[in-house]
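Given next are the chains, with one letter for each unit.
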Amino acid sequence: MKFRNSLFTIVTAAGFLAGSVGFIHAQDAADTKDTTSEVKGKGKKKDGAKAKENAAKFVSLFDGKSLNGWKANEENPSSFTIEDGAIKVNGERGHLFYAGDVNGGKFKNFVLKAKVMTRKNANAGIYFHTEYQKAGWPDKGYEVQVNNTHSDWRKTGSLYAVNDVKEAQKDDEWMDYTIRVQGNHVTIRINGKKVVDYTQPEKPEHLASTPGRLIGEGTFAIQAHDPGSTAFLKIFK
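Residues numbered from 1 in each chain as written. Predicted model: local features only at pLDDT ≥ 70, side-chain atom pairs only at ≥ 80, totals over all residues. Heavy atoms only, no water.

Draft legend 1. Spatial organisation of the overall build of the protein. Counting its regular elements, the protein contains one helix and 15 strands. Across the 237 residues in the protein, those meeting the buried criterion constitute 51%. For the protein, the accessible surface area stands at approximately 10600 Å², while carbon and sulfur atoms represent 49% of it. (Helix = DSSP H or I, 4+ residues; strand = E, 2+ residues; numbered from the N terminus. Buried < 20%, exposed > 50% of the residue type's maximum accessible area, 1.4 Å probe, protein only. Areas by Shrake-Rupley, 256 points an atom, 1.4 Å probe, with all protein chains shown as cover.)

Draft legend 2. Here's a closer look at the sheet that holds strand S10 (residues 142-147). Read from one edge to the other, the open sheet built from five strands follows the order S4-S7-S14-S9-S10, with strand pairing classed as antiparallel. Each edge of the open sheet is held by one strand with a lone partner, namely strand S4 (70-72) and S10. Between one strand and the next, the sheet's axes are offset by a mean angle of 20 degrees, whatever the strand orientation. Note that strand S7 (residues 94-98) and strand S14 (residues 219-224) share four bridges and pair antiparallel. Bridge pairing in S14 links Leu96 to Ile222. (Pairing = 2+ DSSP bridges. Axes fitted to C-alpha atoms, helices over the stretch in contact; angles between N-to-C directions.)

Draft legend 3. Fine view of the environment of Arg213. Residue position: Arg213 is located in the loop between strand S13 (193-199) and S14. A C-alpha to C-alpha distance of 5.5 Å links Arg213 and Lys140, two positions 73 residues apart in sequence. Beyond its immediate chain neighbours, meaning those up to four positions away, Arg213 contacts Asp139, Gly141, Tyr142, Tyr160, Ala161, Val162, Gln200, His206 and Leu207. (Contact = heavy atoms within 4.5 Å.)

Draft legend 4. The pairing of strand S9 (residues 123-130), seen in detail. Within S9, eight of the eight residues are buried, which leaves the element mostly enclosed by the surrounding structure. Two elements, S9 and S10, share six bridges in a ladder whose sense is antiparallel. Considered in S10, the bridge of Gly125 is made with Gln145. Sheet analysis places S9 next to S14, joined by three bridges and oriented antiparallel. Looking across to S14, one finds that Thr130 is bridged to Thr219.

Draft legend 5. Expanded view of the confidence of the model for the protein. Of all residues in the protein, 73% have pLDDT values of 70 or greater, and the mean over the chain is 77. Of all the helices and strands in the protein, strand S2 (residues 16-18) carries the lowest mean pLDDT, 37, while S13 carries the highest, 98. Confidence drops under a pLDDT of 50 for residues 1-9, and excluding neighbours within four residues, the segment shows 106 contacts in the predicted structure. Segment residues 12-25 is flagged for pLDDT under 50; beyond a separation of four residues in sequence, or across chains, it makes 148 contacts in the model. (pLDDT = per-residue confidence, 0-100.)

Draft legend 6. Expanded view of unusual backbone geometry. With phi around 55 degrees, Asn103 is a residue other than glycine that occupies positive phi space. Here Asn103 is to be found in the loop between S7 and strand S8 (110-118). The partly exposed category is assigned to Asn103, whose relative accessible area is 42%.

Draft legend 7. Quick peek at the environment of Gly141. For Gly141, the location among the structural elements is in the loop between S9 and S10. When its relative accessible area of 3% is taken as the criterion, Gly141 is described as buried. With twelve residues separating them in the primary sequence, Gly141 and His129 have C-alpha atoms 4.6 Å apart. For Gly141, the residues in contact, after removing those within four places along its chain, are Phe128, His129, Thr130, Gly212, Arg213 and Leu214.

Next comes the structure, spelled out in structure tokens:
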């Protein structure tokens, strides 16, 4: 997943990223149900109340002023800076890993919510269940795509190269972005619409080429892909 002229925010309660623009929230989902389903009528009020209850458990992973709690790998740490209260991602390939105190930087069952807006040709990615590594594309964990008009056919919401989405959203418009992991089950929603509903099988076919792409436990990471990609991000848990 690449970032190109996109601004993006990540939270585990509320957050943000560059090149595309957005906010992300997350919380421990061990004892929660999916309250973001497309429910109409009488059940809507109940779900809304539950959503507010869950929202209270969100914790910020980004202070809006610094990269405290985040650790860039050794490839190109200068690709990550702070601008206008967001993490700005722009430069040569690199990854920024959450290494703060929330959950000791380890997340298993969680909900990650964000508002994301892409610019033309933006291509980005959010990793989960990953771990810090000095260089290269992260070997561990899954990547979730942010891309509406880049040439890569895998579009926003794709569980990259595992359960891909072909339908693109619009650039220059805010998108509500939700990633939920519960056990071996991953759901991804864009603007409330479920675009990925994936249960990892006992022996995933993709392990032959990407053996570390497994649900387990780990941290989040933001990707800087190349100098032509720009993104902004804020993160909460």
